[in-house]
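Chain by chain, the residues run as shown.
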Amino acid sequence: MTFDDEHPADFDREFFELVDSADGGHLIRADVTWLLSGWTCVFGSGSRGIRPGRPEEGCCSNGAYLSGAADRARVDAAVVRLTAQT
């Protein structure tokens, strides 16, 4: 697929939403259109990154963002549960 074959940013997309069973106030929303697309990450396969002078980071220079203290606590709790198999 070339850039010219891609859809415009505002094309119709399909989303799936569900409520987290452990936290009724937490809505999980997945972009089904993207999940079912043929997109693949090029990390390690030619991407020169998005920040000058830091090509080893690929397009992941920005990393993940946390939305606050509660989000950080959830991530910390999940990390504690990680094992060598996960």
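Residues numbered from 1 in each chain as written. Predicted model: local features only at pLDDT ≥ 70, side-chain atom pairs only at ≥ 80, totals over all residues. Heavy atoms only, no water.

For the chain, the helix and strand inventory stands at two helices and two strands. Secondary structure elements of the chain occur, N-terminal to C-terminal, as β-β-α-α. Residues counted as buried form 5% of the 86 residues belonging to the chain. Within the chain, contacts between residues separated by at least 24 positions form 0% of all contacts whose residues are at least 6 apart in sequence. Summed over all atoms, the accessible surface of the chain reaches about 7,700 Å², with 57% contributed by carbon and sulfur. (Helix = DSSP H or I, 4+ residues; strand = E, 2+ residues; numbered from the N terminus. Buried < 20%, exposed > 50% of the residue type's maximum accessible area, 1.4 Å probe, protein only. Contact = heavy atoms within 4.5 Å. Areas by Shrake-Rupley, 256 points an atom, 1.4 Å probe, with all protein chains shown as cover.)

This paragraph deals with the confidence of the model for the chain. Summary statistics for the chain give a mean pLDDT of 78 and a share of 74% for residues scoring 70 or more. Confidence scores differ between elements of the chain, with helix α1 (residues 32–35) showing the lowest mean pLDDT of 85 and strand β1 (residues 15–19) the highest of 91. (pLDDT = per-residue confidence, 0-100.)

A few words on the pattern of salt bridges. Think of it this way: side chains of opposite charge can pair up when their charged atoms draw near. On inspection of all chains with the given rule, the structure shows four salt bridges. Between Asp31 and Arg13 there is a salt bridge; the shortest N-O distance is 2.6 Å. Placement of Asp31 in strand β2 (residues 27–31) and of Arg13 in the segment before β1 is noted, with a sequence separation of 18 residues between them. Residue classification places Asp31 among the buried residues on the basis of a relative accessible area of 17%. (Salt bridge = Lys/Arg side-chain N within 4 Å of Asp/Glu carboxyl O.)

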